[in-house]
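A closer look at the structure
For reference, the chains in residue letters:
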Protein chains: 2
Amino acid sequence: MGQTIQIEKANSLKEKPDVSTVKFGTVFTDYMFTSDYTPEHGWEEPAIVPYKNLEISPAANGIHYGQSVFEGLKAYRNGEDILLFRPDENFKRLNTSLERLAMPKINEETSLNALYELIKLERDWVPDGPGQSLYIRPFIFADEAFLGVRSARTYKYNIILSPVAGYYGGQLDPTSIYVEDDYVRAVRGGVGDIKCAGNYAASILAQQKAAELGYEQVLWLDGVEQKYVEEVGSMNIFFVRNNELITPKLNGSILSGITRKSLIQLAEYKGYTVKEERILLDDLRDGLRDGSISEIFGSGTAAVISPIGRMNVHGEDYVVNDNQVGPVAQDLYDHYTGIQYGTLEDPFGWIVKL
Amino acid sequence: MGQTIQIEKANSLKEKPDVSTVKFGTVFTDYMFTSDYTPEHGWEEPAIVPYKNLEISPAANGIHYGQSVFEGLKAYRNGEDILLFRPDENFKRLNTSLERLAMPKINEETSLNALYELIKLERDWVPDGPGQSLYIRPFIFADEAFLGVRSARTYKYNIILSPVAGYYGGQLDPTSIYVEDDYVRAVRGGVGDIKCAGNYAASILAQQKAAELGYEQVLWLDGVEQKYVEEVGSMNIFFVRNNELITPKLNGSILSGITRKSLIQLAEYKGYTVKEERILLDDLRDGLRDGSISEIFGSGTAAVISPIGRMNVHGEDYVVNDNQVGPVAQDLYDHYTGIQYGTLEDPFGWIVKL
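Here the structure is a predicted model, which is why all the values come from computation and not from measurement. (Residues numbered from 1 in each chain as written. Chains lettered and ligands numbered in written order. Predicted model: local features only at pLDDT ≥ 70, side-chain atom pairs only at ≥ 80, totals over all residues. Heavy atoms only, no water.)

Observations concerning the pairing of strand β10 (residues 175-179) of chain A
Residues and elements named next belong to chain A. Here β10 lies mainly inside the structure; 5 of its 5 residues are buried. Relative to strand β17 (residues 304-313), β10 runs parallel, the two being bridged by 4 bridges. By the bridge assignment, I177 is partnered in β17 with M311. As paired elements, β10 and strand β11 (residues 217-221) share 3 bridges and run parallel to each other. Paired with I177 across the bridge in β11 is Q217. (Buried < 20%, exposed > 50% of the residue type's maximum accessible area, 1.4 Å probe, protein only. Helix = DSSP H or I, 4+ residues; strand = E, 2+ residues; numbered from the N terminus. Pairing = 2+ DSSP bridges.)

Below you can see the structure in the form of structure tokens.
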């Protein structure tokens, strides 16, 4: 089923940067994957080519009408081994996103093979510092030169790679969040549960507002009643309540995070009780007041786990776990990243070794 | 305040097509406007250059995270005169869209001047057939090569032009609509009230579903309670109820259409009573049953007025005004397009003559 992937060699290679000083998502490697879609031939000419600018029509439909989806995952180095974490899940979710925006689905196997080829070619770009990794960004957008609202006929599919430092240099560090009452991230029946471009632009103003008020992230409430907890920043959210791990139940507007899903599995494996619930903001606040909520953290590919030390609910500030990294967050983070970097056993079959 | 606009001449000009056979938004003229934004210099190098492909980084932030907004307006020909309809309103709304997505605002006067220069240069592209016009598409997107969710540092601003036939060759023709119960277009606190790329991609699947069921457009309900009427397709919606013109009141999730606003003003000028209300779908259905709703039509730049002849509400089909163009729709359409094409007096100061 897999297509043959052509490789076009670069004439010269870039100098590799000191990853510890690189800003997230600003440096890219020597090669990228590319494939174009036409209604006649489907996804064709899958190839690995030198990283270069794209030439697109100013009328490219994806720019005007937002048919544009992406994924994010990472490659980790353990000595000479390069490890990928559940890459099949990313391509599966990419197809879910594509379907929701009426875009043509990809062949997941071809994509996986292309990714493996690309990472093998770029293996020297996978950094080895603490918390460092090679960030992988598959993305697809409509490039048909056409101004109109319908599913486009042609698309571009690329995978680009960016060496990144750990969010906290491999150390967890508590962040602060602001409960957003005005702006809404998503609503059931919308597109909050997929990784499409439009979701993120819509969130920036709330993020700026939180920053002006002195908070690092936004806590998003549901779009219907604005009283249930949904996500934090662009991460899923977890709570430790009476030693149980709680996370909002997927409801059509929350992204089904691969880190979320994997953390649930890992936590259960480690003996934690995990519950997926509708979580009222009021109950969360009460739990912070009476001490039954002992930890809060976000989860996502970029940071894995982001402990929350301070939270503003309707103007009132609550300190979580003394603004320290909690034991559950630390325990799950250590185990999870241990599996990702190959220093701990992977009992789940999550790791692909290249 | 206005910046000087450089003009780079094309070596050769394209052959102009027979506009009556051109598909909407697929043919573009010889020139386009371009300006780039940097934090250091703001919007700089405003220029009119030959229409050509854009070269952008595969990491261009707008493609990944959706900071991308646009406008749509038209130039009309009356003999040797070229007429624009309220172009200032489009650049004002462009700024509203830019603000909501945390993008840098444009200078509206510079934009208007640039547009006038561009249209003067391209005046031969403004067609003269019935219902024909030159569609104008200003758009701005983030082009910083950066993978991360924050306001980008650099942006591209372009205006491109496309000669278009009338939606109905200048004749109104009733369409059919399907009330969408599952998919949601927008919710208050979101971005439904601006023209950003993400809104449109999110609507395509519902549009496809309506088409499969035999309807041409989607009627969108509010995102909170899913029982109030909001928009139809990518148009605002109007009803004639007991000879009064009714349209949903702006509520933060409905686009503030320039055609909507102008039709309200024109209708009042012509002696119609116009009401902006929250409109329950149930009341609309009751009005179709008892005959108090005599017409329904969409309004937007592309079609001006799009009469609705058939409507599916929760599986039941209602015929509106015998599936004929209603007298109010026809009256407003004739007067409105008469002003746009300069065949009727413009008592509002809407028209800019070039």
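From this point, the narrative continues.
Digging into the environment of A206 of chain B
Residues and elements named next belong to chain B. Mapping A206 onto the fold places it in helix α5 (residues 204-212). Assessed through its relative accessible area of 1%, A206 is described here as buried. Discounting chain neighbours no more than four positions away, the residues touching A206 are E180, Y183, V218 and W220. (Contact = heavy atoms within 4.5 Å.)

Structural notes on helix α8 (residues 327-340) of chain B
Residue and element names in this part refer to chain B. For α8, built from 14 residues, the straight-helix expectation of 20 Å at 1.5 Å per residue is met to within 8% by its first-to-last C-alpha distance of 20 Å. With 10 of 14 residues buried, α8 is to be regarded as a mostly interior element. Listed as buried for α8 are V328, A329, L332, Y333, H335, Y336, T337, G338, I339 and Q340. Phi turns positive, to about 75°, at G342, one or two residues after α8. (Expected span 1.5 Å × (residues − 1).)

Regarding the interface of chain B and chain A
Listed as interface residues are 57 residues of chain B and, on the opposing side, 57 residues of chain A. The largest per-residue losses of area from chain B upon contact with chain A belong to P58, I63 and L147 of chain B, which jointly make up 14% of the total buried on that side. Counting every contact that joins chain B to chain A gives 0 salt bridges. For strand β4 (residues 54-56) of chain A and strand β4 (residues 54-56) of chain B, the ladder comprises 3 bridges, and the chain directions are antiparallel. When the sheet's bridge partners are listed, I56 of chain A is paired in β4 of chain B with L54 of chain B. (Buried area = accessible area lost by both parts, 1.4 Å probe. Salt bridge = Lys/Arg side-chain N within 4 Å of Asp/Glu carboxyl O.)

Structural notes on the nonpolar core
All names here are of chain A. Judged by nonpolar contacts, the single largest core of 40 residues is most densely connected at I119, I136, I140, Y157 and I159. Elements represented by at least two residues in this core include exactly β2 (31-38), β3 (42-50), β6 (73-78), β7 (81-85), α2 (87-100), α3 (108-121), β8 (133-142) and β9 (155-164). Here this core takes 6 residues from α3, the largest share from any one element. Counting residues domain by domain, this core receives three or more from each of domain 1 (6-164) and domain 2 (175-340). Residues in contact with I119, not counting those within four places in the same chain, are A75, I82, L134, I136, L161 and L354. (Core = buried A, V, L, I, M, F, W, Y, C linked by side-chain atoms within 4.5 Å. Domains from an automatic or database assignment.)

Some words on helix α2 (residues 87-100) of chain B
Residues and elements named next belong to chain B. A rise of 1.5 Å per residue sets the reference length of α2, with its 14 residues, at 20 Å; its end C-alpha atoms lie 20 Å apart and thus fit the reference within 8%. In terms of burial, α2 is a largely internal element, 10 of the 14 residues being buried. Among all positions of α2, only P87, E89, N90, F91, R93, L94, N95, S97, L98 and R100 are buried. Note on α2: the residue one or two positions beyond its end, A102, has a positive phi of about 55°.

Remarks on the relation of the copies chain B and chain A
Mapping chain B onto chain A is achieved by rotating through 180° and translating by 0.0 Å along the same axis, at an RMSD of 0.0 Å. Taken together, the turn and the small shift mark the pair as related by a two-fold rotation axis. Taking C-alpha positions as the reference, the residue of chain B nearest the rotation axis is G198 of chain B, at 2.0 Å. (Least-squares fit on C-alpha atoms with pLDDT ≥ 70 in both.)

A word on the domain arrangement of chain A
All names here are of chain A. By domain assignment, chain A separates into domain 1 (6-164) and domain 2 (175-340). Once you take the C-alpha centre of each, domain 1 and domain 2 turn out to be 28 Å apart. If you look at the interface, domain 1 gives 21 residues, while domain 2 gives 19 residues. Of the roughly 1,700 Å² buried where domain 1 meets domain 2, counting both sides, 59% is carbon and sulfur surface. Our enumeration of links across domain 1 and domain 2 arrives at 1 salt bridge. Residue K261 pairs with E89 through a salt bridge whose shortest N-O separation is 2.7 Å. In this assembly, domain 1 and domain 2 are joined by 11 residue pairs in polar contact (both at pLDDT 80 or more). For the side of domain 1 that touches domain 2, the elements supplying multiple residues, two or more each, are β5 (68-70), β6, β7 and α2. A per-element tally of the side of domain 1 that touches domain 2 places α2 first, with 7 residues. (Polar contact = N/O pair within 3.5 Å; in protein donor to acceptor, adjacent residues only side chain to side chain.)

Thoughts on the UniProt feature "modified residue: N6-(pyridoxal phosphate)lysine" (unreviewed entry) in chain A
Residue and element names in this part refer to chain A. Using the residue numbers shown here, the UniProt feature "modified residue: N6-(pyridoxal phosphate)lysine" (unreviewed entry) corresponds to K195. Inspection of the secondary structure assignment puts K195 in the loop between β10 and α4 (197-201). Looking at K195, the relative accessible area reads 12%, which means it is buried. Leaving out residues up to four positions away in the same chain, K195 has contacts with S68, V69, F70, E71, R93, S97, Y200 and L255. (UniProt positions renumbered as here; feature names shortened; annotations may be inferred.)

Quick look at unusual backbone geometry
A negative phi angle characterises most non-glycine residues, just as the trans form characterises most peptide bonds. All names here are of chain A. One non-glycine residue with positive phi stands out, namely A102, at about 55°. With respect to the helices and strands, A102 occurs in the loop between α2 and α3. Despite not being glycine, V304 has its phi angle at roughly 65°, a positive value. Relative to the assigned elements, V304 resides in strand β17.

Digging into the side chain of E180 of chain A
Residues and elements named next belong to chain A. Mapped onto the fold, E180 is located in the loop between β10 and α4. With a relative accessible area of 1%, E180 lands in the buried category. Apart from residues lying up to four places away in sequence, E180 is in contact with A206, K209, V218, L219, W220 and L221.

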